[in-house]
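Listed below are the residues making up each chain.
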Amino acid sequence: MSLSQKIDKDYIEAYKAKSKVKIAVLRHLKTAIKNRMVDERSDSLSDDVVLDLIAKQVKQRKDSFEQYTKAGRDDLAQVEAEELAALETYLPQALSDEDLEKAIDKAIADLGASSIADMGKVMQAVLNAHKGQVDGKKASGLVKSKLS
C-alpha cells in the first residue's frame with residue numbers, strides 16, 4: 001500500500017471516529033497531495049514526493065508552534081503540537097544524534113568538503129540520503145560546526 005493510499009484510508013477511519021485533529025491534518029495533507037498531482041499532471045505520486053509534502057507540513061507546524069509559544073498563545077501552540085504529532089506518524093523514524101553525526105561525517109568525507117562554502121552540498125547529500133529522517137536545523141548546526 002502506497003503512502004497516499006494509507007493517508008486516504010486513515011482519513012476515512014478518522015472521519016468515522018470523529019477525530020477532529022486528525023481529520024483536519026489529513027485533509028490539509030490530501031489537499032497538498034492533490035495540488036502536487038495537478039501541478040505534475042499525474043494520477044499518482046511516489047512515496048518520496050508524498051514524504052516531502054509531509055516533511056513540509058511538519059516543518060510548518062514546528063515553526064507555528066515556536067511562534068505561538070513565543071507569543072504566549074499556548075492555546076494555539078497546543079493545537080499545532082497535536083497536529084504535529086498526528087503528522088509525524090507518517091514520517092520514518094528520525095535518526096538519532098549519533099547516526100546523524102555519522103551521516104554528516106560520511107557526506108563530508110564522500111564530497112571532500114573542507115570549508116563552510118561546501119555546507120550546501122553536504123546538507124543536500126544528508127537530506128537526500130535520509131529523507132524525512134533528519135531535522136534540518138539540527139543537521140545545519142552540526143554541519144556548520146564541523147566545517148568551520
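Preceding this section is the structure that the text describes.
## As for the overall build of the protein chain
Right, so step 1: For the protein chain, the helix and strand inventory stands at 7 helices and 0 strands.
Right, so step 2: Secondary structure elements of the protein chain occur, N-terminal to C-terminal, as α-α-α-α-α-α-α.
Right, so step 3: Overall, the protein chain is about 55 × 45 × 25 Å in size when its C-alpha atoms are taken along their principal axes.
Right, so step 4: Among the 148 residues that make up the protein chain, the fraction classed as buried is 31%.
Right, so step 5: Carbon together with sulfur atoms contributes 51% to the accessible area of the protein chain, which is approximately 9400 Å² in total.
Right, so step 6: Treating the 25 positive side-chain charges of the protein chain as one cloud and the 25 negative ones as another, the clouds have centres 4 Å apart.

## Points about the side chain of glutamate 80
Right, so step 1: Positionally, glutamate 80 belongs in helix H4 (residues 74-88).
Right, so step 2: Here glutamate 80 falls in the buried class, since its relative accessible area comes to 12%.
Right, so step 3: When sequence neighbours within four positions are dropped, the list of residues in contact with glutamate 80 reads Arg61, Ser64, Phe65 and Tyr68.

## Comments concerning the nonpolar core
Right, so step 1: Among the nonpolar cores identified, the biggest contains 22 residues, and Leu3, Ile7, Leu29, Ile33, Leu45, Val50 and Ile54 are the most heavily contacted of them.
Right, so step 2: Within the residue set of this core, elements represented by two or more residues are helix H1 (3-17), helix H2 (20-40), helix H3 (47-70) and H4.
Right, so step 3: Beyond its immediate sequence surroundings of up to four residues, leucine 3 is in contact with Asp47, Val50, Leu51, Ile54 and Tyr90.
Right, so step 4: Ile104, Ile108, Val134 and Val143 belong to the second largest nonpolar core, which has 14 residues in total.

## Comments concerning the pattern of salt bridges
Right, so step 1: In total, this model carries 15 salt bridges according to the counting rule given.
Right, so step 2: The partner of lysine 9 in a salt bridge is glutamate 13, and the shortest N-O contact between them spans 3.4 Å. One end of the pair, lysine 9, and the other, glutamate 13, are both in helix H1, 4 residues apart, so they sit about a helical turn from each other.
Right, so step 3: A relative accessible area of 40% places lysine 9 in the partly exposed class.
Right, so step 4: Lysine 106 is the partner of aspartate 110 in a salt bridge, and the nearest nitrogen-oxygen pair spans 2.8 Å. Taken as a pair, aspartate 110 and lysine 106 lie in helix H5 (residues 97-111) at a separation of 4 residues, close to a single helical turn.
Right, so step 5: Linked through salt bridges whose partners overlap, the residues forming this network are Lys59, Asp63, Glu66 and Lys137.

About the cut-offs
Residues numbered from 1 in each chain as written. Predicted model: local features only at pLDDT ≥ 70, side-chain atom pairs only at ≥ 80, totals over all residues. Heavy atoms only, no water. Helix = DSSP H or I, 4+ residues; strand = E, 2+ residues; numbered from the N terminus. Buried < 20%, exposed > 50% of the residue type's maximum accessible area, 1.4 Å probe, protein only. Areas by Shrake-Rupley, 256 points an atom, 1.4 Å probe, with all protein chains shown as cover. Lys, Arg positive; Asp, Glu negative; His and termini not counted. Charge placed at Lys NZ, Arg CZ, Asp CG, Glu CD. Contact = heavy atoms within 4.5 Å. Core = buried A, V, L, I, M, F, W, Y, C linked by side-chain atoms within 4.5 Å. Salt bridge = Lys/Arg side-chain N within 4 Å of Asp/Glu carboxyl O.

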